[in-house]
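What follows is each chain in one-letter form.
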Amino acid sequence: MHYRKARPWLRLFPLTALLGALALLMACRPAAAPTPTRAPAATPIPTAPAPIEATPVIRIATPTPTPAAERPQYGGIFRTHAGDDLVHFDQMIQTTVRTQQRVGPSYNRLMRFSFFEVGVIEPDLAERFEVSRDGLTYTFYLRPGVKFHEIPGVPGSGTDLDCPDVKHSLDKYRNPDYSKRAGDVTAISSIECNPAEPLKVVIKLKAPDAAIVAKLSAGWAGIIPSELPWERMQDTVIGTGPYIWQGYTKGQKSVSKKNPNYWRKGLPYMDEIHNFVFPREEVAFAAFRAKQLDMNSYMQYIYPSEAKILKEQHPEVIVSLPPRLWWHYVYGNLKSGPWSDIRVRQAFNLFIDRPKAVEILGEGVGDYGAWQPPWTKWSLPRSELETFVGKKDSSDMPARRERAIKLLQEAGYSTSKPLKMVVDALNTRESMLTPTYMQDEAKKLGGLVELTLNPLDRAAWNDRLEKRAFEMQGSGSAVAPLIEPSLFYGNYFPCNAPANYMGYCDPEFDKMFTQLLSELDEAKRQQLVWQMERKLLTDLPAIPVRWVAEGMAWWPWVKNFKDVDPAYYNNVTMEEVWLDRTHPGYPR
Amino acid sequence: MRAFLIRRLLLGILTVYGVATLTFILMRIVPGDPALIALADPSRGEAVPKAQLEAKRRELGLDKPLAQQYITWLANSIRFNFGKSSWGGGDVVDEYLRRLPLSLNMAILAFIMTVLVGIPLGILSAIKQDTPLDYIARIIAISGLSMPSFWVAILIIVVLLRVFSWLPSLDYVPFWENPLRNLTQLFFPSFAVAFGFIGVVTRMTRSSLLEVLREDYIRTAWSKGLRERTIILRHALRNALLPVITVLGLQFGFAIGGLVVVEAAFNLPGAGRFLFEATLRRDYNVIQASLFAIALFVTLANLLVDVLYAWLNPRVRLE
């Protein structure tokens, strides 16, 4: 057949197409980065959590920037990300990390957590403060000459900071209609200003609160101008912080520019912060590896396995995996079904091998304990804790499983009539780990427990949670903003706690909780917390599984950043961070 | 022709509203509360006060009876008012139109790739039937048909990352602002979409051309001593391309709606990712508006293909 004869133009087509594609690919490839002239210090991946001060240390002095080993450089655009899109910009309502990270650099607080030392609180907008002898009156003295950002058309633009601004901001913080964290500052009875002394703020408490200064230093306690109506915080970002908000394009990024009149002279260093939207964590991780991002996000952290990939393929990347104030737990519906039987709850507490959970789910990083971070003084002494949650080497697991079987048999379950429960599980990578592991652990009881996982997307999972339409929840997880013992209970265990989805209500526990809020003596607080821990480990409304250690990663040209915030929310202004644009790997 | 167009347009409108109604009903059946998911993340222990939740539901009109919600939506949609997003409160039409250029850009690029690669590959495969070249073309076509676009996207990302330590830019630059940067950013995502289409078009071109090449009039052309190039391009291909054009038109319509996963994989802020995220957030207004637009695109593409077909093939009469 003649028509099978190929003509030269047809014969050359595939080769041309291939060469064209290759040429385009090569054009896209960045110039090969020269070999670094100096090897960056190797950053080991920690395998065990480092100890953290249990109580914030309050440093009453003007913070001095920690001198960088190298001379800081000005300029550059810092590219990072903070997960999914924002709903709005009000950080007191949208308290998630994705909001704090984006709007955080625009604000200052009265006091702030140190950017360089864990658990240290330093003055921010307040130069100093005094506490009355009864612990009921706090007087803060504001810095003079601090101005709000100049943003045309925004109320309060360019005005001087004074007491009414602080009162306006903190009144919002403690108003439950305008703040999701209002429950943290219920101790405040009033905030008072005297027109004759505009830089003096008097905060009066109903009852002493050992953690009030820490709570006023949290990321979302930013100060806004008094002229700005509270509702406007949803569409406006204006503060006194190191970066001025330029705008946010949904689905793309937020942009903040350097505040040229920042009250801390010489800061910030970088020209702009671009905070990209990445709904999918694996896509963000790929972008980080391709040097499109200078730093990953607290919102989508680095897993130990990813940290290993980074260390193998990009040894110059700095990775930190410190313990965080994030814990995973499981619980059931106490109002009805098998979870209302204490023997079932005790059995679950006994048969889950927690050290193995840390090894498998946490990939060897993290810890386990009860409801207080196990590396703080608030956690029960290890020897006592292990009687509740198991030994570190899992040597007691056979005996614990035996006891679990006995309890379930007493509750009327057998291999012919096993305990069957449907476990709701949020179908994200992290949230599926605990329920899947628990299901596996239950199989070790010889067919006495049959758990069926019910993976749900976030909307459906939230819906069932809110309606209490679940039998058991396998994806229980929570984050605390500060190392303050009351914050690990307040949202979850008191009778009227907003996230008390299990339906736990115990007057004795509530009494201890109220007492904890106003107890100032550290030793007495510790004893009280231990009592509360014992109470929860006996009643077992929920079963604690593990405490998370999770990673941040940044390229070596990001200087002067320390991953010191175990809570994600409080180290977000980036004012001390600078970019080494002379670094050979810096993407130009 | 005019009667045909009017009839098809009316049917198209009915189809689009049928899709929209179905979407409305399905979204209300699927569990999930748009107000709750916008306000809190209970997976991290967040809770939202009841009063705030109720206020948000009122703001979104979710407190009204379902029939009333539907009638309101229907009345507004006629005026192309699709309400506000429950996630951020932006006007849905504005948000959609802001994202549409990127998706159109990708769909056009994918369409061009499909035409430039799929048709020549189909021709080669047909005129070199049962040769190694034909086998290669068929392998490519079968791969395109059998590998979902999200999988191709992941493969592309892995190769680009591991071999070149490079990924397309994060900031979208429109083609008319900087064509090279635009192509650099969208070439690979578009290829992930186009790969499947190339498979379809290659197979269609090959089989259609093979059929035409066996026709009597082609044999007559050979016997007249015409050049191979003239026979294939002028006589065979023109006839063989008629069904290919139908497929191409439909593919373009589907491309607009089918970018959902590829945009998510490459983190491109297009209309596809907008729909994908809205589905996870139960953002009813965005889902309804996006599917309304997709149905509109597909219907219009269908109509265009029919008209084009009649124009190219005088034997077809639109009556």
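Here is what the cut-offs are and how they apply
Residues numbered from 1 in each chain as written. Chains lettered and ligands numbered in written order. Predicted model: local features only at pLDDT ≥ 70, side-chain atom pairs only at ≥ 80, totals over all residues. Heavy atoms only, no water. Salt bridge = Lys/Arg side-chain N within 4 Å of Asp/Glu carboxyl O. Helix = DSSP H or I, 4+ residues; strand = E, 2+ residues; numbered from the N terminus. Buried < 20%, exposed > 50% of the residue type's maximum accessible area, 1.4 Å probe, protein only. Domains from an automatic or database assignment. Contact = heavy atoms within 4.5 Å. Buried area = accessible area lost by both parts, 1.4 Å probe. Pairing = 2+ DSSP bridges. Axes fitted to C-alpha atoms, helices over the stretch in contact; angles between N-to-C directions. Phe/Tyr/Trp six-rings, centres within 6.5 Å; stacked < 30°, edge-to-face > 60°. Lys NZ or Arg CZ within 6 Å of the ring centre and 35° of its normal. Patch = residues over 30% accessible without salt bridge, like charges linked within 9 Å, V, L, I, M, F, W, Y side chains within 5 Å. Areas by Shrake-Rupley, 256 points an atom, 1.4 Å probe, with all protein chains shown as cover. Lys, Arg positive; Asp, Glu negative; His and termini not counted. Charge placed at Lys NZ, Arg CZ, Asp CG, Glu CD. 1 Å grid on protein atoms, 1.4 Å probe; cavity = no way out; pocket = protein on both sides within 12 Å on 5 of 7 lines; lining within 4 Å. Points joined across faces, edges and corners; volume = space filled by probe spheres on them. Nonpolar A, V, L, I, M, F, W, Y, C, P; charged D, E, K, R; others polar. Polar contact = N/O pair within 3.5 Å; in protein donor to acceptor, adjacent residues only side chain to side chain. Disulfide = S-S within 2.5 Å.

1. Observations concerning the pattern of salt bridges
And step 1. All chains considered together, the criterion is met by 54 salt bridges over all chains.
And step 2. Among the ionic pairs, Glu441(A) bridges to Arg401(A), the shortest N-O distance being 3.7 Å. Taken together, the residues span a long stretch of sequence, with Glu441(A) in helix α12 (residues 429-443) and Arg401(A) in helix α11 (residues 397-410) at a distance of 40 residues.
And step 3. By relative accessible area, Arg401(A) is classed as buried at 15%.
And step 4. For Arg206(B), the salt bridge goes to Asp134(B), with nearest N and O atoms at 2.9 Å. Linking Arg206(B) in helix α8 (residues 179-213) with Asp134(B) in helix α6 (residues 132-146), this pair joins segments that are 72 residues apart in sequence.

2. Focus: the environment of Leu579(A)
Residues and elements named next belong to chain A.
And step 1. Mapped onto the elements of the fold, Leu579 is located in strand β20 (residues 578-579).
And step 2. The exposure class assigned to Leu579 is buried, which follows from its relative accessible area of 0%.
And step 3. It is 24 Å that separates the C-alpha atoms of Leu579 and Ile309, two residues lying 270 residues apart in sequence.

3. A word on unusual backbone geometry
What is expected of a backbone is that most residues other than glycine have negative phi and most peptide bonds are trans.
And step 1. With an omega of -5 degrees, the peptide bond running from Leu267(A) to Pro268(A) counts as cis.
And step 2. Despite not being glycine, Arg468(A) has its phi angle at roughly 55 degrees, a positive value.
And step 3. Positionally, Arg468(A) belongs in the loop between α13 (458-466) and β16 (472-479).
And step 4. Its relative accessible area of 31% is what places Arg468(A) among the partly exposed residues.
And step 5. The phi angle at Asp130(B) is positive, at roughly 65 degrees, despite the residue not being glycine.
And step 6. Mapping Asp130(B) onto the fold places it in the loop between α5 (92-127) and α6.

4. Considerations on the domain arrangement of chain A
Residues and elements named next belong to chain A.
And step 1. The domains assigned to chain A are domain 1 (9-322 + 551-579) and domain 2 (324-548).
And step 2. Of the residues lining the interface, 39 residues belong to domain 1; the matching set on domain 2 comes to 29 residues.
And step 3. Summing both partners gives a buried area of about 2,800 Å² for domain 1 against domain 2, and 58% of it is carried by carbon and sulfur.
And step 4. The tally of links between domain 1 and domain 2 comes to three salt bridges.

5. Quick look at the environment of Leu10(B)
And step 1. By the secondary structure assignment, Leu10(B) is in helix α1 (residues 2-29).
And step 2. Residues Leu10(B) and Asn81(B), 71 residues apart in the sequence, show an inter-C-alpha distance of 21 Å.

6. Observations regarding the sheet that holds strand β13 (residues 323-332) of chain A
What holds strands together in a sheet is hydrogen bonding between their backbones, with the strands either parallel or antiparallel.
All names here are of chain A.
And step 1. Spatial strand order, β15-β14-β16-β13-β17: five strands in an open sheet with mixed pairing. The strands lining the two open edges of the sheet, one partner per strand, are β15 (449-456) and β17 (542-549). Within this sheet the neighbouring strands show an average axis-to-axis angle of 30 degrees, counted without direction.
And step 2. Bridge count between strand β14 (residues 419-426) and β16: two bridges; the pairing is parallel. Within the sheet, the bridge partner assigned to Asp424 lies in β16 and is Gln473.

7. Regarding the pairing of strand β9 (residues 243-249) of chain A
All names here are of chain A.
And step 1. Across six bridges, the pairing between β9 and strand β10 (residues 253-258) is antiparallel. Following the sheet pairing, Tyr248 is matched in β10 by Ser254.
And step 2. Counting the residues between successive antiparallel strands, the hairpin from β9 to β10 contains three residues, one of them, Gly251, with a positive phi of roughly 80 degrees.

8. Remarks on the packing of aromatic side chains
Residue and element names in this part refer to chain A.
And step 1. Inspection of the entire model under this criterion finds 41 aromatic pairs over all chains.
And step 2. Judged by centre distance (6.0 Å) and plane angle (90 degrees), the rings of Trp557 and Tyr586 are edge-to-face. With Trp557 in the loop between β18 (552-554) and β19 (558-559) and Tyr586 in the segment after β20, this residue pair connects regions lying 29 residues apart in the sequence.
And step 3. For Trp557, a relative accessible area of 0% puts it in the buried group.
And step 4. Accessibility expressed as a relative area gives 11% for Tyr586, which makes it buried.
And step 5. Against the face of Trp555 rests Lys291, its NZ or CZ located 5.3 Å from the ring centre.
And step 6. Directly above the ring of Tyr303 sits Arg429, whose terminal nitrogen or CZ lies 3.7 Å from the centroid.

9. Description of a positive patch on the surface
Residue and element names in this part refer to chain B.
And step 1. Together, Arg227, Arg229, Arg234 and Arg238 make up a region of like positive charge exposed at the surface.
And step 2. Note on placement: Arg234 falls in helix α10 (residues 228-257).
And step 3. Look at Arg234 and you get exposed, because its relative accessible area is 56%.

10. Re empty space enclosed by the protein
And step 1. All told, the structure shown has 15 cavities of 30 Å³ or more when counted by the stated rule.
And step 2. Along the wall of the second largest cavity there are 13 residues; nearest its centre are Val283(A), Gln292(A), Leu167(B), Pro168(B) and Phe266(B).
And step 3. Per element, the largest residue contribution to the lining of the second largest cavity is three residues, and it comes from helix α6 (residues 281-289) of chain A.
And step 4. When the residues that make up the lining of the second largest cavity are grouped by side-chain class, the tally is 10 nonpolar, three polar and no charged.

11. Quick look at the side chain of Asn182(B)
And step 1. On the secondary structure map, Asn182(B) appears in helix α8.
And step 2. If we ignore the near neighbours within four places in the chain, the residues touching Asn182(B) are Asn105(B), Tyr172(B), Val173(B), Pro174(B) and Phe175(B).

12. Digging into the interface of chain A and chain B
And step 1. Chain A puts 70 residues into the contact, and the matching count from chain B is 64 residues.
And step 2. Of the roughly 6,100 Å² buried between chain A and chain B, counting both surfaces, carbon and sulfur atoms make up 58%.
And step 3. Where Asp457(A) meets Arg282(B), a salt bridge forms, and the shortest distance between an N and an O atom there is 2.7 Å.
And step 4. Linking chain A with chain B are 14 residue pairs in polar contact (both at pLDDT 80 or more), by the criterion used here.
And step 5. Listed by contribution, the elements that provide at least two residues to the side of chain A that touches chain B are α1 (8-11), α2 (13-28), α3 (97-103), α6, α13 and β16 of chain A.

13. Things to note about the state of the cysteines
Residues and elements named next belong to chain A.
And step 1. According to the stated counting rule, one finds two disulfides over all chains in the structure shown.
And step 2. With a sulfur-sulfur separation of 1.9 Å, Cys163 is cross-linked through a disulfide to Cys193. As the torsion about the S-S bond is roughly -85 degrees, the Cys163-Cys193 disulfide counts as left-handed. With Cys163 in helix α4 (residues 163-173) and Cys193 in strand β7 (residues 188-194), this pair connects stretches of sequence that are 30 residues apart.
And step 3. A relative accessible area of 30% places Cys193 in the partly exposed class.
And step 4. Each sulfur in the disulfide pair Cys495 and Cys505 lies 2.0 Å from the other.

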